[in-house]
Amino acid sequence: MRPFWLALGFLTTFPVPRLGPVLPGEMRSASAFYPVAGYCLGGVLALAAWLTQALPEGLQGALLLALWLGLTGMLHLDGLLDSADALLAMKPPPERLQILSDLHLGSFAFGVGFVHLLLKWQLLASAPSFWLLLGLPAMVRFALLIPMNLYPAARPEGLGAGSREGRIGLALLFALPAMVLFPWQALAVLLVMLLLARWAARRLGGGLSGDVYGALVEIGESVGLLVGVSLRAH
């Protein structure tokens, strides 16, 4: 169970047993359980959506967005904001990597963050299916493992870099039910995340960082919601 608890503790704010120091190679094993951590997150979101379905749509969307951010500790949102500042800057790759390490936020971060949160709130206010809320976080976290294994780490330090070269086959097995249930959403998530990862790697000199991983998760979730809401509308 230790790899699962490591994945859950890394990706969410759910309480986990005291695990002690993370040993070399353990995050690679834990990455196989990223989709399972996604199901845990999605299960709470789906339950919250069901409990709040009588509320006005805008209010329900805001509550679900706040819960989503809280359950992830805003880890992925922080990565999106940092990545926006670095990847959109008209700088050479080494300077972009320095921007990723800067704790301060610039205008790109505020602009991208505002538009992203506004979009995600609107999508959640459009009443996506409970099953999509359950499965989407799992398929996104599986999709994340593909660019993590395709591209080298832009910076060797950090838990994100230590999660590379994990057990992607087992992760696929865990994520497969969600992907079979929502094939179009899964396809869109995979394509968008891979294209964004390729673009980001070029901007950073060939590799990806933990901040970019977080950005890919945030954008992948919004893409999945967008496709799900669009299909439901038709």
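What counts as what
- Residues numbered from 1 in each chain as written.
- Predicted model: local features only at pLDDT ≥ 70, side-chain atom pairs only at ≥ 80, totals over all residues.
- Heavy atoms only, no water.
- Helix = DSSP H or I, 4+ residues; strand = E, 2+ residues; numbered from the N terminus.
- Buried < 20%, exposed > 50% of the residue type's maximum accessible area, 1.4 Å probe, protein only.
- Lys, Arg positive; Asp, Glu negative; His and termini not counted.
- Charge placed at Lys NZ, Arg CZ, Asp CG, Glu CD.
- Phe/Tyr/Trp six-rings, centres within 6.5 Å; stacked < 30°, edge-to-face > 60°.
- Salt bridge = Lys/Arg side-chain N within 4 Å of Asp/Glu carboxyl O.
- Axes fitted to C-alpha atoms, helices over the stretch in contact; angles between N-to-C directions.
- Parallel < 35°, antiparallel > 145°, perpendicular 65-115°, else oblique.
- Left-handed = near helix turned anticlockwise from the far one by under 90°.
- Contact = heavy atoms within 4.5 Å.
- Nonpolar A, V, L, I, M, F, W, Y, C, P; charged D, E, K, R; others polar.
- Core = buried A, V, L, I, M, F, W, Y, C linked by side-chain atoms within 4.5 Å.
- Patch = residues over 30% accessible without salt bridge, like charges linked within 9 Å, V, L, I, M, F, W, Y side chains within 5 Å.
- Areas by Shrake-Rupley, 256 points an atom, 1.4 Å probe, with all protein chains shown as cover.

## Comments concerning the overall build of the protein chain
So, point 1. Helix and strand content of the protein chain: 12 helices and 0 strands.
So, point 2. Going from the N terminus to the C terminus, the protein chain shows its helices and strands as α-α-α-α-α-α-α-α-α-α-α-α.
So, point 3. Counting only C-alpha atoms and orienting by the principal axes, one finds that the protein chain spans roughly 50 × 40 × 30 Å.
So, point 4. Across the 234 residues of the protein chain, 47% fall into the buried class.
So, point 5. Put simply, the protein chain has 14 plus and 12 minus side-chain charges, and the middle of one group is 7 Å from the middle of the other.

## Description of the packing of aromatic side chains
So, point 1. Inspection of every chain in the model, using the stated rule, returns 3 aromatic pairs.
So, point 2. Taking the centre distance of 5.0 Å and the plane angle of 50° together, the rings of Phe4 and Trp5 count as tilted.
So, point 3. Judged by relative accessible area, Trp5 falls into the partly exposed class, the value being 24%.
So, point 4. With a centroid separation of 6.5 Å and 40° between ring planes, the pair formed by Phe10 and Tyr34 is classed as tilted.

## Quick look at the pattern of salt bridges
So, point 1. Summed over all chains, the structure comprises 4 salt bridges.
So, point 2. Its salt-bridge partner being Glu221, residue Lys120 comes within 2.7 Å of it at the nearest N-O pair. On the criterion of sequence distance, the pair formed by Lys120 in helix α7 (residues 107–125) and Glu221 in helix α12 (residues 210–233) is long-range, its members being 101 residues apart. Here the two residues Lys120 and Glu221 agree in accessibility, since each one is buried.
So, point 3. Put simply, Arg141 and Glu221 hold a salt bridge, and the shortest N to O gap is 2.9 Å. Here Arg141, found in helix α8 (residues 130–150), pairs with Glu221, found in helix α12; they are 80 residues apart in sequence, far enough to count as distant.

## Side note on the packing of helix α4 (residues 57–71) against α7
So, point 1. Orientation of α4 relative to α7, taken along the N-to-C sense of each, is 120°, at an axis distance of 7 Å. Here α7 runs oblique to α4, going by the angle between their axes. In terms of crossing hand, the pair formed by α4 and α7 is right-handed. Contacts between α4 and α7 pair Glu57, Gly58, Gly61, Ala62, Leu64, Leu65, Trp68 and Leu69 from the former with Leu117, Lys120, Trp121, Leu124 and Ala125 from the latter.
So, point 2. In the contact of α4 with α7, the residues fall into 9 nonpolar, 2 polar and 2 charged.

## What about the nonpolar core?
So, point 1. With 64 residues, the main nonpolar core has Trp68, Leu136, Met139 and Leu208 as its most contacted residues.
So, point 2. Among the elements that make up this core, the one with the highest residue count is α8 (10 residues).
So, point 3. Beyond its immediate sequence surroundings of up to four residues, Met139 is in contact with Ala178, Met179, Phe182, Gln185 and Ala186.

## Considerations on the environment of Leu67
So, point 1. Summarising the element assignment, Leu67 is placed in helix α4.
So, point 2. Put simply, Leu67 and Ala48 are 19 residues apart on the chain and 8.6 Å apart in space, counted from C-alpha to C-alpha.
So, point 3. Once residues within four sequence positions are removed from consideration, Leu67 is found in contact with Val44, Leu45 and Ala48.

## Examining a nonpolar patch on the surface
So, point 1. A cluster of nonpolar residues, Leu47, Trp50, Leu51 and Phe130, forms a patch on the protein surface that exposes about 430 Å² of accessible area.
So, point 2. When residues of the nonpolar patch are assigned to their parent elements, the largest contribution, 3 residues, is made by helix α3 (residues 34–51).
So, point 3. Within the secondary structure, Leu47 sits in helix α3.
So, point 4. Note on Leu47: relative accessible area 48%, which makes it partly exposed.

## Thoughts on unusual backbone geometry
One can expect most non-glycine residues to show negative phi and most peptide bonds to be in trans.
So, point 1. The residue Met74 is not glycine, and still its phi comes out positive at about 55°.
So, point 2. A positive phi is found at Ala127, a non-glycine position, where the angle reads about 60°.

As far as function goes, none of this settles anything; it's purely spatial.
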